[in-house]
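# Close look at the chain arrangement
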Amino acid sequence: MTDVTPRKAFRNITPALVWIAIAVILGLILLFSSFFMVDQKEESVVLNLGKFSRMVGPGLHFKIPFGVERNYNVPTQRILKEEFGFRTLESGIVSTYSSQDYTNESIMLTGDLNIIDVEWIIQYQITDARAWLFGVEDQRKTIRDISQSVINMLVGDRTIFDVIGAERANIEIQGQDEMNKLYKSYGLGIRVTTVKLQNIVPPKGSVQDAFEDVNKAIQDRSRLINEGKEAYNQAIPKASGQAEQTIQEAQGYATERVNQARGDVSRFLAVLGEYRQAPDVVAADLQDMPRKVRPWHRLSQRVRLFFDTCFFPYVEPMYDAARDLAAGSDLLIAHFFLYPAKIAALKAGVPYVSVAYWPGVARSPDESEFGLPRMGRTLNRVTSRLLQGVVDKAIREEVHRFWRREGLQPPRHATLDGGASETLNLLGASPALWPQDPEWLPHHRLCGFLSIPDAAEPWEMPTPLREFLAAGLPPVYMTFGSSQLLQPERGTEIQLAAARLAGCRAILQTCSPRYPADTRDGDVYFLGPAAHRLVFPHCAAIVHHGGAGTTHSATRAGRPSVVVGFFGEQMSWGRRLRGLGIAGQPLAYQWLSPPKLARAVRYVLDSPEMRPRAERLAETMRQENGVMRAVEEIERLGR
């Protein structure tokens, strides 16, 4: 008979079996302590011997076993909630709430020394898992304490009826902002997404009686308003007849004024756009244009001459480049005037965004077309249609031919509609200079000036220029930008003579071989292409052509302007600056003379108010980030 006693059984366990068992156990411990899983809505913080090591995202990850490395999963992609004054036991179509009394969280004192019961919730998201774990000792208590202190403060600043009524939304908005500031200062690593006041009731007693009286008064007010509307509606037919008569008289007056102005429109639309930092071939075209213009040319002929010289010859290369971009991109962005880019985007089926640097393209009835003087809403509309018709007459046939060649329905207007996006048209102008107009269509979005980063425009101030700036009073900077290419000699000679008549030191940006760059003529320094952002702060005032870029650069440098406009939109910028009190009356280049320019320069230099106004405006503009705002608008388009 076989002996199966425990002693005999243990004798069958050899040392090798023991080591194998130990190895299996250690292997299991090693396996289960070496890997960890992170959920899709979580991030994990890994500590090495208690010290922060790294952050990892969702998935299966490795860590050093046996407790050398530990991981803590944090739900960074979930919206978390805290409730004050009540507790939800079960959410659903009909939620159930705890019957426990939480009024110690919700009873508050208002600014008019009344007691009110305010229940609210906050929703938040963890944005920094490391800060969430190690920023404070008790995260939930910190969140609740800060939230209670903020809501108590905001309620304590208002009367009881403001809290119940008009100020409710403001308390939620300000509460969210204040909480986020405090959480950030504490390094808690969260962002509050919602503050919602759930239930606001006055305490029982006299306050509640007064509240009911207020509700009754509100109902009485609504009744009286309805009675007033009824009387108002009875008076409307009579008022409509009088209004129609007034409109007819205004339209007759508008027709008369437009007919008188048609002969002068050409000076505002000599060219429809400008080329900044243009290639040499376009610069040559611009210089050649004045020799082609004849006195008897109509406005439409001059417009067509501009397009035939400086735009239509380059449509095919632009279209080829745009098709290449659209083929490999998820989104195409182009200047609102470039209809070849819009056509390329439509053909490729990619979203299209246009960019304009003159907000006048949004066509508000309060803004005149192409920089013409403001003549009232009715006349502005009439003038806009007239000028648009002139431009369409000049180029519509050529533009529409290109659209039809690509099998697309041409736009109604060849210019402003040709390359403009109907989804998002970014207006690259500072709100400090041109605020968002409530009457613009929703797709016109003011994003701020699209300034060029320093790294994209490297430039070092020449030593002779540094010596000139240090040798005397701040000079007046004079530039006509790319517009000076139209008449480079005349523009420079007018500037030089005006500087001498005004008795000021000056920097003249030159493109004329008669006035080489980095040379001097007494108190006048001739400068070639330069980074305005580095030179303008050293100057007393800026004489410029009213281009969007130079207008923003001069104002952002805190310097007043003298605007000499070549085209309509430049005169529009000049009137904007004058309305802000940082420039005088804009001058038209067609009738510019040295005495006129000298008087305008002295007017700005002698004004004690313009420089301080410009510096205050510059502080506001420096807080803007047009590129970031444009990116946000584009990202919002993709959501």
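Quantities reported herein were computed from a predicted structural model and do not represent experimental measurements. (Residues numbered from 1 in each chain as written. Predicted model: local features only at pLDDT ≥ 70, side-chain atom pairs only at ≥ 80, totals over all residues. Heavy atoms only, no water.)

## Some details on the overall build of the protein
When you go through the protein residue by residue, the secondary structure sums to 21 helices and 22 strands. When the 639 residues of the protein are sorted by exposure, 44% land in the buried category. Put simply, 64% of the contacts in the protein that link residues at least 6 apart link residues at least 24 apart. For the protein, the exposed area adds up to about 34,300 Å²; of that, 55% sits on carbon and sulfur atoms. (Helix = DSSP H or I, 4+ residues; strand = E, 2+ residues; numbered from the N terminus. Buried < 20%, exposed > 50% of the residue type's maximum accessible area, 1.4 Å probe, protein only. Contact = heavy atoms within 4.5 Å. Areas by Shrake-Rupley, 256 points an atom, 1.4 Å probe, with all protein chains shown as cover.)

## A short note on helix α14 (residues 463-470)
Among the residues making up α14, those that are buried are Leu-465, Phe-468 and Leu-469. End-on, the buried residues of α14 take up no more than an arc of 95°, which puts them together on one face. More than 90 degrees from the buried face of α14, the exposed residues found are Glu-467 and Ala-470. Buried residues belonging to α14 abut β17 (506-509), β18 (519-521), β19 (524-527) and α16 (532-535). (Arc of directions from axis to C-beta.)

## Overview of helix α12 (residues 339-348)
When you tally the buried positions in α12, you get 7 out of 10 residues, the bulk of the element. Among all positions in α12, only Tyr-339, Pro-340, Ala-341, Lys-342, Ile-343, Ala-344 and Ala-345 are buried.

## Considering the pairing of strand β13 (residues 352-356)
β13 sits mainly inside the fold: 5 of its 5 residues count as buried. Taking every second residue as pointing to the same face, both faces of β13 are buried, with Tyr-352, Ser-354 and Ala-356 on one and Val-353 and Val-355 on the other. Here strand β12 (residues 332-335) runs beside β13; their pairing, made up of 4 bridges, is parallel. Each residue of the ladder has a partner; that of Ala-334, found in β13, is Ser-354. Viewed along the sheet, the connection from β12 through α12 into β13 turns out right-handed. With 3 bridges connecting them, β13 and strand β14 (residues 425-427) associate as parallel partners. Its bridge partner lying in β14, Ala-356 is registered against Leu-427. (Pairing = 2+ DSSP bridges. Right-handed = clockwise from strand over helix to strand, strands pointing away.)

## Describing the sheet that holds β14
Read across the open sheet, the 4 strands follow the order β12-β13-β14-β15; overall the sheet is parallel. Each end of this open sheet is capped by a strand with a single partner; those strands are β12 and β15 (444-446). Adjacent strand axes in the sheet meet at a mean angle of 25° when their direction is disregarded. Pairing geometry for β14 and β15, over 3 bridges, is parallel. In the sheet register, Leu-426 faces β15, and the bridge partner there is Arg-445. (Axes fitted to C-alpha atoms, helices over the stretch in contact; angles between N-to-C directions.)

## Digging into the side chain of His-544
Considering the arrangement of structural elements, one finds His-544 in strand β20 (residues 541-544). Among all residues touching His-544, those that are not within four sequence positions of it are Thr-479, Phe-480, Thr-550, Thr-551, Ala-554, Ser-561, Val-562, Val-563, Val-564 and Leu-577.

## A word on the nonpolar core
In this structure, Phe-312 and Tyr-339 are the most contacted members of the largest nonpolar core, which totals 47 residues. Where this core is concerned, the elements lending two or more residues are α10 (299-310), α11 (315-327), β12, α12, β13, α13 (377-405), α18 (568-579) and α20 (610-622). Counting residues in hydrophobic clusters, the runner-up holds 32 residues, among them Val-74, Tyr-124, Ile-164 and Tyr-183. (Core = buried A, V, L, I, M, F, W, Y, C linked by side-chain atoms within 4.5 Å.)

## Considerations on the sheet that holds β17
In a beta sheet, neighbouring strands are held together by backbone hydrogen bonds and run either parallel or antiparallel to one another. One open sheet accounts for 7 strands, arranged β18-β19-β17-β16-β20-β21-β22; its pairing is mixed. A single partner strand is all that each edge strand has here, and the edge strands are β18 and β22 (587-588). Bridge analysis of strand β16 (residues 476-478) against β17 gives 3 bridges, and the strand direction is parallel. Its bridge partner being in β17, Met-478 is matched across the sheet by Leu-508. Sheet contacts for α14: β17, β18 and β19; angle to β19, the most-contacted strand, approximately 155°.

## Section: unusual backbone geometry
Positive phi is not limited to glycine here, since Leu-113 has a value of about 65°. Here Leu-113 lies in the loop between β9 (107-109) and β10 (115-126). Residue classification places Leu-113 among the exposed positions, given a relative accessible area of 67%. The phi torsion at Asp-518 lies on the positive side, around 60°, for a residue other than glycine. We classify Asp-518 as partly exposed; its relative accessible area is 37%.

## Some words on the environment of Gln-495
Here Gln-495 shows up in helix α15 (residues 488-502). Remark: the alpha-carbon pair of Gln-495 and Pro-594, spanning 99 residues in sequence, is separated by 6.9 Å.

## A closer look at the confidence of the model for the protein
Looking at the protein as a whole, the pLDDT averages 81, with 82% of positions reaching at least 70. The least confident element of the protein is helix α9 (residues 280-292), whose mean pLDDT is 50; the most confident is β16, at 97. In the predicted structure, residues 263-284 sits below a pLDDT of 50 and forms 46 contacts with residues beyond four places in sequence or in another chain. Counting interchain partners and residues more than four positions distant, the pLDDT-below-50 stretch residues 293-297 has 7 contacts. (pLDDT = per-residue confidence, 0-100.)

## Thoughts on the packing of aromatic side chains
Across all of its chains, the model carries 14 aromatic pairs by this definition. Relative to Phe-402, the ring of Tyr-339 has its centre 6.0 Å away and its plane inclined at 70°; by these criteria the two rings are edge-to-face. Within this pair, whereas Tyr-339 is found in helix α12, its partner Phe-402 is found in helix α13, the two being separated by 63 residues in sequence. A single burial state applies to Tyr-339 and to Phe-402, both of which are buried. Between Phe-566 and Tyr-589, the ring centres sit 4.1 Å apart and the planes meet at 15°, which makes this aromatic pair stacked. (Phe/Tyr/Trp six-rings, centres within 6.5 Å; stacked < 30°, edge-to-face > 60°.)

## Considerations on the packing of α15 against helix α19 (residues 594-605)
In contact at an axis separation of 8 Å, α15 and α19 are set at 50° when each is read in the N-to-C sense. Considered as vectors, α15 and α19 are oriented oblique to each other. Classified by chirality, the crossing of α19 by α15 is right-handed. On α19, the residues that touch Ile-494, Gln-495, Ala-497, Ala-498, Leu-501 and Ala-502 of α15 are Pro-594, Pro-595, Leu-597, Ala-598, Val-601 and Arg-602. A per-class count over the contact of α15 with α19 returns 10 nonpolar, 1 polar and 1 charged. (Parallel < 35°, antiparallel > 145°, perpendicular 65-115°, else oblique. Left-handed = near helix turned anticlockwise from the far one by under 90°. Nonpolar A, V, L, I, M, F, W, Y, C, P; charged D, E, K, R; others polar.)

## Looking at a nonpolar patch on the surface
On the surface, Phe-35, Met-37, Leu-60, Phe-62 and Ile-64 cluster together into a nonpolar patch covering about 510 Å² of accessible area. Mapped onto the nonpolar patch, the elements with two or more residues apiece are β1 (35-38) and β4 (59-62). Along the chain, Ile-64 falls in the loop between β4 and β5 (69-74). You can call Ile-64 partly exposed: its relative accessible area is 34%. (Patch = residues over 30% accessible without salt bridge, like charges linked within 9 Å, V, L, I, M, F, W, Y side chains within 5 Å. Salt bridge = Lys/Arg side-chain N within 4 Å of Asp/Glu carboxyl O.)

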